[in-house]
Amino acid sequence: MMEQYERSAEFVDILLASYWPELGPQVARALDGVPGPVVDVGAGGGHGTRVIAAAVPHSEILAVEPSPALRSVLMARVHEAAELRERVTVLPEGFLQARLPARLGAVVAMNVIGHFDPEERGAVWDLLADRLVPGGRAVVNLQPPTEPVAVPQFRSGEARIGRRTYEGLARAEPAGPEQLTWHLTYRTHQDGELVDEVAVSHVWWLLSEERMTKELGERGLTPKAAGSGMYVIS
Ligand SMILES: C[S@@+](CC[C@H](N)C(=O)[O-])C[C@H]1O[C@@H](n2cnc3c(N)ncnc32)[C@H](O)[C@@H]1O
């Protein structure tokens with residue numbers, strides 16, 4: 001699974017950047033008044049880590065990122081900002097393997113829950129049930145579609161750096177009743193010409209609101225919809 005990010009990290013971070021102006025204020029609202037420490041699950045290059053740091057001032061943050069390539073972006077982003085360097089710890093394991101504090105104020109899992117298979121997802125919910133402090137919460141988003149349907153190719157983003165423009169394209173096809181295979185293509189253009197193209201594929205475990213509510217309910221947790229596919233779990 002991680003191999004896809006090794007090949008696409010240079011594009012993933014700059015293309016995800018365009019989603020955070022909308023996502024950031026929603027995550028910040030969901031974290032209002034939350035105690036620390038806060039875990040950023042699958043922090044990627046750290047767009048969300050930065051939002052968490054602003055939303056939960058003075059709190060310790062554990063940014064969990066298993067992909068070495070994306071973690072390099074994260075490390076640089078954290079290191080260059082003194083305010084982040086002081087209180088963000090970057091952990092290189094997967095969320096379920098990471099060395100986390102026994103009690104957690106909040107867990108933020110943006111654009112990542114589909115990387116966990118149903119058994120691992122159960123372990124994620126168990127961890128929330130065991131470790132969230134009273135008044136703590138998790139913030140998770142579900143990405144459409146939540147059913148195994150084909151998704152025709154669409155443009156997932158574009159970014160320009162200097163003379164080059166980077167374009168993301170995405171399509172998906174069902175891979176069984178609970179999974180999609182996403183096919184992602186990253187194109188680089190310069191002077192109107194296509195100069196590079198990287199294609200990666202990965203599986204994504206589907207999760208509907210109903211199923212998440214059932215799984216969480218079995219552990220005494222409740223998700224509340226917070227708009228745009230985001231849920232606050234407590
Ligand atoms: C689509 S990116 C999202 C990055 C970031 N959360 C954002 O929204 O900008 C998904 C991230 O989840 C990470 N990831 C995948 N499996 C993981 C696991 N088991 N534990 C923690 N992170 C994981 C990937 O390495 C990748 O950085």
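Everything numeric in this text was worked out from a predicted model, so none of it was measured.

Rules used in this analysis
Residues numbered from 1 in each chain as written. Predicted model: local features only at pLDDT ≥ 70, side-chain atom pairs only at ≥ 80, totals over all residues. Heavy atoms only, no water. Helix = DSSP H or I, 4+ residues; strand = E, 2+ residues; numbered from the N terminus. Contact = heavy atoms within 4.5 Å. Phe/Tyr/Trp six-rings, centres within 6.5 Å; stacked < 30°, edge-to-face > 60°. Buried < 20%, exposed > 50% of the residue type's maximum accessible area, 1.4 Å probe, protein only. Domains from an automatic or database assignment. Salt bridge = Lys/Arg side-chain N within 4 Å of Asp/Glu carboxyl O. Polar contact = N/O pair within 3.5 Å; in protein donor to acceptor, adjacent residues only side chain to side chain. Nonpolar A, V, L, I, M, F, W, Y, C, P; charged D, E, K, R; others polar.

Asker: Describe in detail the environment of A199, supporting the description with residues and values.
Answerer: Tracing the sequence through the fold places A199 in strand β9 (residues 193–205). When sequence neighbours within four positions are dropped, the list of residues in contact with A199 reads R7, L184 and T185.

Asker: So, the packing of aromatic side chains: which residues are in play, and what are the values?
Answerer: How two aromatic rings sit relative to each other is given by the distance of their centres and the angle of their planes. By the definition in use, this model includes three aromatic pairs. Plain terms: the ring middles of F11 and Y166 are 6.0 Å apart, the flat faces sit at 45° to each other, and that makes the pair tilted. In this pair, F11 is assigned in helix α1 (residues 2–16) and Y166 in strand β7 (residues 164–174), connecting sequence segments 155 residues apart. Among the residues examined, F11 registers a relative accessible area of 2% and is labelled buried. For the pair F11 and Y186, a centre-to-centre distance of 5.4 Å together with 10° between the ring planes defines the contact as stacked. Linking F11 in helix α1 with Y186 in strand β8 (residues 179–190), this pair joins segments that are 175 residues apart in sequence. Per residue, the accessibility class of F11 equals that of Y186, and both read buried.

Asker: Go over the domain arrangement of the chain with me, naming the residues and quoting the values.
Answerer: Splitting the chain by domain gives domain 1 (2–143 + 207–233) and domain 2 (151–205). Scanning the region where domain 1 abuts domain 2 turns up one salt bridge. Between E178 and R211 there is a salt bridge; the shortest N-O distance is 3.0 Å. One can count four residue pairs in polar contact (both at pLDDT 80 or more) joining domain 1 with domain 2. Breaking the side of domain 1 that touches domain 2 down by element, the ones donating at least two residues are α1 and α6 (118–131). When residues of the side of domain 1 that touches domain 2 are assigned to their parent elements, the largest contribution, seven residues, is made by α1. Residue classes in the side of domain 1 that touches domain 2 are distributed as 10 nonpolar, six polar and four charged.

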